[in-house]
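Close look at the chain arrangement
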Amino acid sequence: AIEEEEARARAFLKILNEKTWTRNNKGTIAAWNYASNITDYNLKEQIRVSAEIAKEVKEDWKELTKFNYNTFIDYDLRRQFKKYSILGKAALPDDKYVKLEKIVSDMESAYATAKICSYHNKTDCSLSLEPEITKILTSSRDPEELKHVWVEWRKKTKTVKPLFIDYVKYSNEAARLNNFTSNTEYWLYDYESPTFVDEIEKLWRQLKPLYLQLHAYVRHKLRQRYGEVVSEKGPIPAHLLGNMWAQTWGHVADFTLPYPKVKGPNYSNLLAKQEYTPIKMFQEAERFFVSLNLTEMPPLFWKNSILEKPKDGRDLVCHASAWDFYDQKDFRIKQCTDVTFEDFITAHHEMGHIQYYLQYKSQPVAYREGANDGFHEAVGDVMALSVATSKHLKKIGLIDSEPANKDQNDINELYQMGLDKIAFLPFAYLMDLWRWQVFDGKITPEEYNCKWWDYRYNIQGIEPPVDRSELDFDPASKYHIVADVPYLRYFISYVIQFQFHRAACEIAGEYDPNDLTKPLHKCDIYQNTKAGNAIGKMLQMGSSRPWREAMEALTGQQNMDASGLLEYFRPLYKWLETENQKNNVYIGWKICEKKCT
Ligand SMILES: C=C(C[SeH])C(=O)N1CCC[C@H]1C(=O)O
Ligand SMILES: [Zn+2]
């Protein structure tokens, strides 16, 4: 009878849970050893362990699928079985599994070890993405030097194209073995919502007008600074926006600010002046979480994390990441942290992942993940929305007084935040729009690059600094493309983090929609344990319930909703519309001559 089968299933699941966290721990250790020290030995070891685990997982899967779990009455039992029933890449035959693992590791190490020559000193070819190239992109105001690093980085990273073609093939093969039509369907499966892509498209439609206003203003200001290299009505040249991928534009703030006369201090300089070190940045981040009655970092975090780029000359993956070792004790961050405000904010982002791991660590293994992957990306950013306010920075003594001219400074602060949060939306959206079409075969290898630039033109309104062709492979210039990391999670995060922020700020009494003295963008939930407890309750759920129920636990609503972000940026939106009208600025962009052939 079903009761008897469910009893057997519970016993089976108990054992599977134990085996799974132990396997995950072993696999994560091997993956950490490779990512933090790229050597042939560590690569072989990582692949050996991963293949061994895949074999064992497949054995257990054969047993698991003998159960009639879709008929189980117990929701929780049914849900856990359903999660374990998706085998993922382990569905591949052993040899193809190893091939796919090696392909992704090789693409990731090509990216992690890529170096370019300096613009000013052609014999110095030691520049890595972090910190050297990043520093140039954020601080150089020489269009020729910016063009040099933009082009040279892509010359180095495009070499993985043949590997990427095979990556697509094997990923699709694995997806089909899981009864998905392609890797696209596999990537979207966990959102448990057939209308999910439509919901995302609708959010972008609601947010695009705000983006168009910001884009028009920034192009106008860049044109004032750089002249004809920035067209009046065309896309913005991608190399002038302070970021290798033009995904966030915060580093052009200092010469495009709405009210330059009341420009505040450079926070990065203040961090350096106050002798912050990477460790102190993470300790400060921890203090914020603990102030909300959330959990402190466990001893092994401080013992095992890599919080600065090692100076021993080793190759490692510098792209910031947070790791759960599934033993409920070992949680780590690996980040090549510089003492900059951007990295201080990223420290909160990464610690948000660790906090989520800590909050759901007592859940069954199958539920130790975000309600959906966008939630995982949002946790730290919610904290950072409070931390980045001048009100908070005064509380922690980074600045000694809040800026004088309130209204003008408010617009400046909103603009600074908008250069990161609003500018990011079309980039995050197009990253998987392109990959979904690649996995579905609608974009073929012969057109990878020009279809990429079609999206970059049409959705983001940017253009390359030099002509592109199919001999280039610009998507590979971005970590997530070569490392097989989906990106829709960040678009989701940048929308829902403002819903979470609004809910937490209302609980904290820091935001009141009817009280103009408490606008959302001035909210700081620091030390508010009521807000912290509400956030913690949502995080403890992990993926034990569908994400809409987790969303409802904190915000009282079940849908993703652009109104949080639009409420936060409302004052900036009005200011931009007025300013653009005053300057008679063209809104949008004419698709100028195709730069990809
Ligand atoms: C910091 C991380 C590790 Se999850 C990251 O990849 N992020 C954080 C924001 C967007 C995205 C990126 O850098 O592209
Ligand atoms: Zn993240």
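Up top is the structure.
Residues numbered from 1 in each chain as written. Chains lettered and ligands numbered in written order. Predicted model: local features only at pLDDT ≥ 70, side-chain atom pairs only at ≥ 80, totals over all residues. Heavy atoms only, no water.

On to the site of ligand 1, then. Around ligand 1 there are 13 residues in total, and Gln-247, His-319, Lys-478, His-480 and Tyr-487 lie nearest to it. Between His-319 and ligand 1, the recorded distance is 2.7 Å, taken from a side-chain N or O atom to an oxygen atom. Here an oxygen atom of ligand 1 sits 3.2 Å away from a polar atom, N or O, in the side chain of Tyr-490. When ligand 1 is considered free in solution it has 370 Å² of accessible area, and contact with the protein chains removes 84% of it. At the level of elements, helix H13 (341-359) and helix H19 (488-507) are the ones that each hand at least two residues to the shell around ligand 1. The greatest single-element share of the shell around ligand 1, amounting to three residues, is contributed by H13. (Near = heavy atom within 4 Å. Polar contact = N/O pair within 3.5 Å; in protein donor to acceptor, adjacent residues only side chain to side chain. Areas by Shrake-Rupley, 256 points an atom, 1.4 Å probe, with all protein chains shown as cover. Helix = DSSP H or I, 4+ residues; strand = E, 2+ residues; numbered from the N terminus.)

Time to look at the packing of H13 against helix H20 (residues 529-540). Two elements in contact, H13 and H20, have axes whose closest approach is 8 Å; the angle formed by their N-to-C orientations is 70°. Classed by the angle they form, the pair H13 and H20 counts as roughly perpendicular. Like other packed secondary-structure pairs, H13 and H20 cross with a definite hand, here right-handed. Of H20, the residues touching H13 (which contributes Gln-355, Tyr-356 and Gln-359) are Gly-536, Leu-539 and Gln-540. (Axes fitted to C-alpha atoms, helices over the stretch in contact; angles between N-to-C directions. Parallel < 35°, antiparallel > 145°, perpendicular 65-115°, else oblique. Left-handed = near helix turned anticlockwise from the far one by under 90°. Contact = heavy atoms within 4.5 Å.)

Before going further, it helps to examine the coordination of the zinc ion (ligand 2). Protein coordination of the zinc ion (ligand 2) is provided by His-349 (NE2), His-353 (NE2) and Glu-377 (OE), with donor distances spanning 1.9 to 2.0 Å. Glu-377 sits in the buried class, given a relative accessible area of 5%. (Donors = N, O, S within 2.8 Å, 3.2 Å for Na, K, Ca; no water. Buried < 20%, exposed > 50% of the residue type's maximum accessible area, 1.4 Å probe, protein only.)

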